[in-house]
Amino acid sequence: MRISWDGLHADIEACQRCGLCAGIHHKVPGQGDPKARLMLIGEGPGADEDLSGFAFVGKAGQLLTKMLAAIDLSRDQVFICNVVKCRPPQNRVPTPEEAEACLPYLRAQVGLVRPKVVILLGATAVRYTLGENVRVTRDRGRFFEKGGVWFMPTYHPAALLRDESKKRAAWQDLKAVRDKLKELEGEA
Ligand code: URA
């Protein structure tokens, strides 16, 4: 795979590595600051994202925007993407085959952005970055260091919309991310 943004986007656009691209309107590669210190990874595009071609623009995305604003970050200052770049039908969880097929793109994105901190939004993002042994409900709120990058598992914003009682924990996780970014501020 080529590793420039243009090459990566061309590869994603042309990709037919799994069947998900058959029924979509747009690929959703992700967007934001290509040199962001903070990256956020979700599961996969929903209906609004599929129609627009941009990640996290629906209800969950709007909540995410507010959550970022609460730690003084705009969406332009972070990079937001998903494990899979095509919408799974009926918003089902991507199969392991679909996720594995798409993972080279996510890895390339992490390699290009080189974030200091990555927020993993929900179980799918956690599973395909940190592995099967890490669980959102049990392990959210603490950092996992991998290859010099700090990963924070937390609830997916859609889960917060379904269950308001999770919001307090998610807010704690965000504050920990804010503090970690501060702590790492001086680093190149
Ligand atoms: N949910 C996700 O995981 N990603 C999006 O882009 C939108 C909703």
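Rules and cut-offs
- Residues numbered from 1 in each chain as written.
- Predicted model: local features only at pLDDT ≥ 70, side-chain atom pairs only at ≥ 80, totals over all residues.
- Heavy atoms only, no water.
- Core = buried A, V, L, I, M, F, W, Y, C linked by side-chain atoms within 4.5 Å.
- Buried < 20%, exposed > 50% of the residue type's maximum accessible area, 1.4 Å probe, protein only.
- Helix = DSSP H or I, 4+ residues; strand = E, 2+ residues; numbered from the N terminus.
- Contact = heavy atoms within 4.5 Å.
- Phe/Tyr/Trp six-rings, centres within 6.5 Å; stacked < 30°, edge-to-face > 60°.
- 1 Å grid on protein atoms, 1.4 Å probe; cavity = no way out; pocket = protein on both sides within 12 Å on 5 of 7 lines; lining within 4 Å.
- Points joined across faces, edges and corners; volume = space filled by probe spheres on them.
- Nonpolar A, V, L, I, M, F, W, Y, C, P; charged D, E, K, R; others polar.
- Pairing = 2+ DSSP bridges.
- Axes fitted to C-alpha atoms, helices over the stretch in contact; angles between N-to-C directions.
- Near = heavy atom within 4 Å.
- Polar contact = N/O pair within 3.5 Å; in protein donor to acceptor, adjacent residues only side chain to side chain.
- Sits in = over half its atoms within 2 Å of the grid points.

(A) A look at the nonpolar core. Ranked by size, the top nonpolar core spans 59 residues in total, and within it Leu38, Met39, Leu40, Ile41, Ile80, Val83 and Leu120 carry the most contacts. Here this core takes nine residues from helix α4 (residues 96–113), the largest share from any one element. Ignoring sequence-local partners within four residues, the contact set of leucine 38 consists of Leu68, Leu73, Val78, Phe79, Val117, Ile119, Val177 and Leu181.

(B) Broad picture of the packing of aromatic side chains. Inspection of the entire model under this criterion finds two aromatic pairs. Between tryptophan 5 and phenylalanine 79, the aromatic rings sit 5.3 Å apart at their centres with planes inclined by 40 degrees, giving tilted as the arrangement. Placement of the pair is tryptophan 5 in helix α1 (residues 5–14) and phenylalanine 79 in strand β3 (residues 79–82), with a sequence separation of 74 residues. Summarising the burial analysis for this pair, tryptophan 5 and phenylalanine 79 share the class buried.

(C) Fine view of empty space enclosed by the protein. One pass over the full model with this rule turns up two cavities of 30 Å³ or more. Size it by volume and the largest cavity reaches roughly 120 Å³. Taken together, 15 residues form the lining of the largest cavity, with Cys15, Cys18, Cys86, Cys102 and Tyr105 sitting closest to its centre. A per-class count over the lining of the largest cavity returns 10 nonpolar, one polar and four charged. For the second largest cavity, the calculated volume is near 70 Å³. Forming the boundary of the second largest cavity are Leu40, Leu64, Met67, Ile119, Leu121, Met152, Thr154, Ala170, Asp173, Leu174 and Val177. When residues of the lining of the second largest cavity are assigned to their parent elements, the largest contribution, four residues, is made by helix α8 (residues 167–183).

(D) How the structure looks around the sheet that holds strand β2 (residues 38–42). Across the sheet, which stays open at both edges, the six strands sit in the order β1-β3-β2-β4-β6-β5 with mixed pairing between neighbours. Every other strand in the sheet has two partners, leaving β1 (31–32) and β5 (144–146) as the edge strands with one partner each. Judged from the four bridges that link them, β2 and strand β4 (residues 117–121) form a sheet pairing that is parallel. Across the sheet, the residue bridging to leucine 38 is valine 117, located in β4. Against the sheet, helix α3 (residues 59–70) touches β2, β3 and β4, its axis set at about 155 degrees to β2.

(E) Fine view of the site of the ligand. Taken together, Gly42, Glu43, Gly44, Glu49, Ala55, Phe56, Asn82 and His156 make up the full set of residues adjacent to the ligand. Within the backbone of glutamate 43, an N or O atom sits 2.8 Å from an oxygen atom of the ligand. Backbone polar atom of glycine 44 to a nitrogen atom of the ligand: 3.0 Å apart, as the coordinates give it. Comparing atom positions with the cavity grids shows the ligand to sit within the largest pocket.

The values reported here are purely geometric and, on their own, carry no functional implication.
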